Amino acid sequence: MSTHLDETRAARRRGGARPDKRRAILDAALLVFARDGFADASVDEIARDAGVAKPTVYNHFGDKRTLFLEVITEYAARSGERVSRIVDSIDVDTDDLRAELERLGASIIACVTDAEGAAVIRLQFAESPRFGDAVDSIRDAGRDRTLDRLAGKFGQFAATGRLHTDNPARAARHFMALVQDEVLTRSAYGARPIDPAEAVGPVNAGVDTFLAAFGPRG
């Protein structure tokens, strides 16, 4: 799957149109950090991949730690926005709740397992011990925003009898765990690419379990 990162990096190598320097540095840094980890990532390589001089990286971000946190903040927000758009697209008037939930689950998984989403997840989990609350708070804030939006949709389903729950927030947490956890585990939390076909079974099984618990009664 082509991503913004792939396209801008390819453009730089072709000598074509280039984004602004800050964006180029962030794009390159995400790829290098995700591949090498924070400790082994080279600012020289980030600068080279971004098509800028090494001092330019320091002029924009000060040091490698600040650059890393900017990368996590920027791309976690981008990933969260993509998931939010998916949640906002839920059809609360659907006549086929199962199909709508399977579409939702598949779309969320596509976001968190493509090159950009997987890189963010890999860095959040791998570097959390080094950065502690600084990374954890970014991850948790994004998760909480997604769950709040999803709870709102599930509340609408509950109001029309399509779901059976008096706690839409709990239903949202269960849904996300059921459709994501097996796929994220299989991908080693972003370390291994996942073919979209590999996610279909786990997502659909997660929806089955969710509906067994929260589906309409009677």
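None of these values were measured; they are calculated from a predicted model.

Cut-offs used in this document
Going along each chain's sequence as written, the residues are numbered from 1 onward. In keeping with the predicted nature of the model, local features appear solely for residues at pLDDT of at least 70, side-chain atom pairs appear and are counted solely at 80 or more, and the whole-chain, interface and lining totals rest on all residues. In computing side-chain values, all of the structure's heavy atoms are included and hydrogens and water are not. Secondary structure elements are defined from DSSP: runs of H or I of at least 4 residues count as helices, runs of E of at least 2 residues count as strands, and each element is numbered from the N terminus. Each residue is placed in one exposure class: buried if its accessible area under a 1.4 Å probe, protein chains only, is under 20% of its type's maximum, exposed if it is over 50%, and partly exposed if it falls in between. What makes two residues a contact is simply this: any of their non-hydrogen atoms within 4.5 Å. For accessible areas, the Shrake-Rupley method is used with a probe of radius 1.4 Å. Any residue's cover is judged against the shown protein chains and nothing else. pLDDT runs from 0 to 100 and stands for how confident the predictor is about each residue. Salt bridge, as used here, is a side-chain nitrogen of Lys or Arg placed within 4 Å of a carboxyl oxygen of Asp or Glu.

S.K.: Help me understand the overall build of the protein chain in this model?
M.R.: In terms of helices and strands, the protein chain carries eleven helices and zero strands. Counting from the amino terminus, helix and strand elements in the protein chain follow one another as α-α-α-α-α-α-α-α-α-α-α. Scored against the burial criterion, the 218 residues of the protein chain give a buried share of 46%. The long-range share in the protein chain, meaning contacts at least 24 apart out of those at least 6 apart in sequence, stands at 69%. When the accessible area of the protein chain is evaluated, it comes to approximately 10,500 Å², of which 50% is carbon and sulfur surface.

S.K.: Looking at this structure, how should I read the confidence of the model for the protein chain?
M.R.: Any residue range with low pLDDT should be treated as having predicted coordinates unsuitable for detailed reading. Across the protein chain, the average pLDDT comes to 89, with 91% of residues at or above 70. Counting contacts from residues 1-5, a segment whose pLDDT is below 50, to residues more than four positions away or on other chains yields 14 contacts. Low pLDDT, under 50, characterises residues 10-17; the predicted model gives this stretch nine contacts beyond four residues in sequence or across chains.

S.K.: Whenever I open this one, the pattern of salt bridges confuses me. Can you help?
M.R.: Side chains that differ in charge, positive against negative, can pair when their charged atoms come close. Per the counting criterion, the structure on display carries 19 salt bridges. Among the ionic pairs, Glu45 bridges to Arg35, the shortest N-O distance being 2.7 Å. Of this pair, Glu45 sits in helix 3 (residues 43-50) while Arg35 sits in helix 2 (residues 21-40), and the two are ten residues apart along the sequence. Accessibility expressed as a relative area gives 46% for Arg35, which makes it partly exposed. Note that Glu116 and Arg78 form a salt bridge whose closest N and O atoms lie 3.0 Å from each other. Of the two residues, Glu116 sits in helix 7 (residues 115-126) while Arg78 sits in helix 5 (residues 64-88), which places them 38 residues apart along the sequence. Connected through salt bridges with shared partners, the residues Asp136, Arg139, Asp140, Arg143 and Asp144 form a single ionic network.

S.K.: Help me understand the environment of Glu198 in this model?
M.R.: Tracing the sequence through the fold places Glu198 in helix 11 (residues 196-214). Sequence-wise, Glu198 and Arg186 are twelve residues apart; in three dimensions their C-alpha atoms are separated by 9.4 Å. For Glu198, the residues in contact, after removing those within four places along its chain, are Arg186 and Arg192.

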